[in-house]
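Overview (structure and organization)
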Amino acid sequence: MTNHHELERMIRESQQTTTPEFDHRILADASDLLSHDHRLTSTTTDGSATIPPHSHLWRRVVPSVTVLCGLALILVWWFSRPTDSWAQVVEAVRDKPWIHLVLKIPDGEKFEQWYSMPHQISASHAPSYTDFFDFRTGRSEYYSPEKGHITRFLADSKSSNRKNFEDFSLLFQELTKGEEQLSFADAFLDDPDIKSVEQSRREIKDQKGRWYEYELRFQQDEPQADSLTIRVDSESMLPQTMTMNISDEGEAKSMTFLFDFPDTGPQDIYALGVPRDKEIVDISPQQLTGRRKEIVDAIRAAAEGFDDYRALMISSKPDLPWHIGTPYLVWRQGNKSRSETGCIDPDNPPPKVEPGKQTDHLTWWKNRCRKLWFLSGQIFDGETLFDAQYVTPESEYRQQEHPYVFRPDEWVVTGWKEHSWTIEWPARTAPIVWAYPKSIEGMLESPLYEIEIVPEPRDDAPKAVRLKAVSTPEGENRTDESEYLLDPEKGYALLHSRTASFTLDGDDKVLSSEFEQTCNEWKQSPKGYWYPTLILSESSFLQDGEQIHQPSRVHYYLDFDVPMPDTLFGPREREGDLFSE
């Protein structure tokens, strides 16, 4: 299942009406994720979809982190890294050209994982898949016996596979240094199902020698805590075994990985047992030329060069008057950003005064915002994304025109959740995230999409072109279609878009989900870049056989002359009054 279909499923199953701000945050991040989907065939291309038996046990115990064998889980953050940690890792493994882990699984099969720092290689082999990553060249390959061919793709320096490799190496360093506490244990607390993580290290002696034994215990809702135990030889300071003890539906299960350190290892995917006569399907990004390159270059230039600004966003349903809606604030400085949500204090509600026909909309909304309080949301400091964490009491207050009615003294920031993944695309804040979407670049580079670029002039955009992209993912009974109407005279800014997913039923296509968006009322920034001040959108999806529609309207007021101190983009609550500048 692809990222956007999983997202869609979760939204539907929540049986809640999403807010435009929620859609903005989710879809902005989804746009960045989808660009990777366009480069790959599906989740199986990087080996993340097919892992050894009992994989669900791993996901219960080790969510969101890469633990030793890498199993394609995503590391959230490596806490407290020394500044020269990578150099220390190289030193730690210089005499160990290869690190090899083996897990014996039923029917006499086994799962193997290989790491080599000197060769910059990570590889794994299981009954259901084989993968090979060469991080010097970025060339990556994945083989599934079921599909019968090798998929070749490009893993860049920010890929999850590269991070898995680096994080394993850092963990290996921590073990070989004999650290009493394994700092990566803190990352397990990002999983809401894990209430606490306890760890200990003890020195033991048995008939086989002396050991350092690390144990991590994960307390969940179940009475029996799961555990991870790593044994390190006290003389060589090399890990020897890793054992996971897991309670699965009341049944205790155990898995043990064995370490060894050979002098040689696999130099290609064939050395792992893949037949050399298998077809290679190369889905590496294509080099762009001609009109495709012109479009991508223009969109990226606008996304990277766009002015710094603070956006006041007013979201509502399209049929409501302009003065009814929920305000949001977004600050953007380079690739840094901050977002906040306007809330009503039920003990101090703003007066309900109907604005006159001659009222200036922006002035009215600024005055209204001064009577609200703003809830911190996400902050990106250029390297790390932070989510504000709150004690969130149940609210008895709800209003149609303003869904956020909370007492501010009840919503206290208790901390900031860190995400280690970086956001390279600078246009992740509204409205430019919509006007200059990164997903177009991924589609144009991917050989998995059938692309058509045709002129489609309009009265307001005589040189407009329509970009059509169609993909039918291998092994999935569906097809995805995307259309973008772009204006070359506005730097290929987006005028209208439609993305849809269809289930294939014989020769028929049945609409599963759809998202349509129109950008209107364009203005220019001081640097000359175009941006929309009104965006209309409608999402739809199937629920109990019925197509559900969710329309929204967002007005944008951009201010390009707003002080933005460095503290604004740090994990802290904002200080100072709004619109006092």
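For the structure, check the block above.
The following paragraphs examine the structure supplied in this document.

**A closer look at the overall build of the chain**
Each helix and strand counted, the chain has 9 helices and 25 strands in total. Here the chain holds 581 residues, and the buried ones make up 52% of them. Accessible surface, the chain as shown: approximately 27600 Å² in total, 46% of it carbon and sulfur.

**A short note on the environment of G265**
Mapped onto the secondary structure, G265 falls in the loop between strand 11 (251–260) and strand 12 (279–282). The class of G265 is partly exposed, set by a relative accessible area of 22%. For the pair G265 and I99, spaced 166 residues apart in sequence, the C-alpha to C-alpha distance is 8.7 Å. Here G265 is in contact with W98 and W114, once residues within four sequence places are set aside.

**Focus on the sheet that holds strand 8 (residues 209–219)**
Reading across the sheet, the 12 strands line up as 7-8-9-10-11-1-2-3-4-5-6-12 and stay open at both edges, with mixed pairing between neighbours. Across the chains shown, the open sheet's two edge strands, defined by having one partner strand only, are strand 7 (196–206) and strand 12. Averaged over all adjacent pairs, the angle separating strand axes in this sheet is 15 degrees, with direction ignored. Where strand 10 (residues 239–248) meets strand 11, 8 bridges bridge the pair, whose relative direction is antiparallel. Looking across to strand 11, one finds that S247 is bridged to A252.

**Side note on the nonpolar core**
Ranked by size, the top nonpolar core spans 54 residues in total, and within it Y436 and L486 carry the most contacts. Of the residues forming this core, the biggest block, 5 residues, is contributed by helix 6 (residues 290–305). Among residues more than four places away in sequence, those in contact with Y436 are I299, A302, A303, F306, W425, A427, K490, G491, A493 and W530. In this structure, V232, M244, F257 and F261 belong to the second largest nonpolar core, which totals 37 residues.

**Quick notes on the environment of A185**
Relative to the helices and strands, A185 is located in the loop between helix 5 (160–176) and strand 7. When its relative accessible area of 2% is taken as the criterion, A185 is described as buried. C-alpha of A185 to C-alpha of F218: the two residues are 33 residues apart in sequence and 9.6 Å apart in space. In contact with A185, other than residues within four places in its own chain, are V197, Q199 and L216.

**A word on the packing of aromatic side chains**
Following the criterion strictly, the structure yields 21 aromatic pairs and no others. Centroid distance F133 to F135: 6.1 Å. Interplanar angle 5 degrees. Geometry classified as stacked. The exposure class assigned to F133 is buried, which follows from its relative accessible area of 3%. You can call F135 buried: its relative accessible area is 12%. With a centroid separation of 5.1 Å and an interplanar angle of 85 degrees, the aromatic rings of W364 and W365 are classed as edge-to-face. The same class applies to W364 and to W365, which are both buried. Taking NZ or CZ as reference, K490 lies 4.7 Å from the ring centre of W530, over its face. The ring of F502 has K509 sitting right over it, with the charged end atom 4.5 Å from the ring centre.

**Focus on the pattern of salt bridges**
Taken as a whole, this structure holds 24 salt bridges when the rule is applied. Put simply, D460 and R458 hold a salt bridge, and the shortest N to O gap is 2.9 Å. Note that D480 and R478 form a salt bridge whose closest N and O atoms lie 2.7 Å from each other. By relative accessible area, which is 9% here, D480 ends up buried. A single network of salt bridges, built from pairs that share partners, joins R202, D206, E213 and R231.

**So, helix 7 (residues 361–369)**
Within helix 7 the residues assigned to the buried category are W364, W365, R368 and C369. Projection of helix 7 onto a plane perpendicular to its axis shows the buried side chains occupying an angular sector of 135 degrees, all on one side. Among the structural elements, strand 13 (309–316), strand 14 (326–333), strand 16 (373–380) and strand 25 (546–559) are those in contact with the buried residues of helix 7. Where helix 7 begins, one side-chain oxygen reaches toward the backbone nitrogen of L362, 3.4 Å away; that side chain belongs to D360.

What counts, and at which threshold
Residues numbered from 1 in each chain as written. Predicted model: local features only at pLDDT ≥ 70, side-chain atom pairs only at ≥ 80, totals over all residues. Heavy atoms only, no water. Helix = DSSP H or I, 4+ residues; strand = E, 2+ residues; numbered from the N terminus. Buried < 20%, exposed > 50% of the residue type's maximum accessible area, 1.4 Å probe, protein only. Areas by Shrake-Rupley, 256 points an atom, 1.4 Å probe, with all protein chains shown as cover. Contact = heavy atoms within 4.5 Å. Pairing = 2+ DSSP bridges. Axes fitted to C-alpha atoms, helices over the stretch in contact; angles between N-to-C directions. Core = buried A, V, L, I, M, F, W, Y, C linked by side-chain atoms within 4.5 Å. Phe/Tyr/Trp six-rings, centres within 6.5 Å; stacked < 30°, edge-to-face > 60°. Lys NZ or Arg CZ within 6 Å of the ring centre and 35° of its normal. Salt bridge = Lys/Arg side-chain N within 4 Å of Asp/Glu carboxyl O. Arc of directions from axis to C-beta. Polar contact = N/O pair within 3.5 Å; in protein donor to acceptor, adjacent residues only side chain to side chain.

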